[in-house]
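Each chain is listed here by its residues.
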Amino acid sequence: MFVKEVTVQNQVGLHARPATFFIQKANEYKSSIWVEKEERRVNAKSLLGVLSLGIVGGTGIRIIADGSDEQQAVEGLVELIESGFQG
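Residues numbered from 1 in each chain as written. Predicted model: local features only at pLDDT ≥ 70, side-chain atom pairs only at ≥ 80, totals over all residues. Heavy atoms only, no water.

Re the overall build of the chain
Turning to step 1, where the next piece is worked out: In terms of regular secondary structure, the chain is built from 3 helices and 4 strands.
Turning to step 2, where the next piece is worked out: Ordered by position from the N terminus, the helices and strands of the chain form the series β-α-β-β-α-β-α.
Turning to step 3, where the next piece is worked out: Computed over its C-alpha atoms, the radius of gyration of the chain comes to 11 Å, within 12% of the 12 Å expected for a compact globule of 87 residues.
Turning to step 4, where the next piece is worked out: In terms of its C-alpha atoms, the chain occupies a principal-axis envelope of roughly 35 × 30 × 20 Å.
Turning to step 5, where the next piece is worked out: Excluding contacts between residues fewer than 6 apart, the proportion of contacts in the chain whose partners are at least 24 apart in sequence is 68%.
Turning to step 6, where the next piece is worked out: Summing over all exposed atoms, the chain offers an accessible surface of approximately 4,800 Å²; the carbon and sulfur share of this is 46%. (Helix = DSSP H or I, 4+ residues; strand = E, 2+ residues; numbered from the N terminus. Rg over C-alpha atoms; globule rule 2.2 N^0.38 Å. Contact = heavy atoms within 4.5 Å. Areas by Shrake-Rupley, 256 points an atom, 1.4 Å probe, with all protein chains shown as cover.)

In structure tokens form, the structure reads like this:
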């Protein structure tokens, strides 16, 4: 299991379009991936799950992956978030 914390920098947070980019990126990996905000954890490959967290700009989240490419998955998703979803 590989875990990393990241702060969502872009203004709108993880809504609609950025969330779609995030899920597309998550689906590139074989590992199981979750997004955690406070005490809630959802599947990072589920649009409804990610949207249900209501992540706004400035929110700290944890990305957790478990599987054969867990480290690449977490780092790829953190990179996408830190780029403001310009990936």
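Structure shown, so let's carry the discussion forward.
A closer look at the nonpolar core
Turning to step 1, where the next piece is worked out: Among the nonpolar cores identified, the biggest contains 25 residues, and Phe22, Ile33, Val35, Ile61, Ile63 and Ile81 are the most heavily contacted of them.
Turning to step 2, where the next piece is worked out: Contributing elements (two or more residues each) for this core: helix 1 (16-26), strand 2 (32-37), strand 4 (60-66) and helix 3 (70-82).
Turning to step 3, where the next piece is worked out: Top element by residues in this core is helix 3. It accounts for 6 residues. (Core = buried A, V, L, I, M, F, W, Y, C linked by side-chain atoms within 4.5 Å. Buried < 20%, exposed > 50% of the residue type's maximum accessible area, 1.4 Å probe, protein only.)

Looking at the environment of Val8
Turning to step 1, where the next piece is worked out: Within the element layout of this structure, Val8 appears in the loop between strand 1 (2-7) and helix 1.
Turning to step 2, where the next piece is worked out: Taking the relative accessible area as the measure of exposure, Val8 reaches 0% and is therefore buried.
Turning to step 3, where the next piece is worked out: When the C-alpha positions of Val8 and Gly57 are compared, they lie 5.3 Å apart, and in sequence the two are 49 residues distant.
Turning to step 4, where the next piece is worked out: Setting aside its immediate chain neighbours within four residues, Val8 contacts Gly13, Leu14, Ile55, Val56, Gly57, Gly58, Thr59, Ile61, Ile81 and Phe85.

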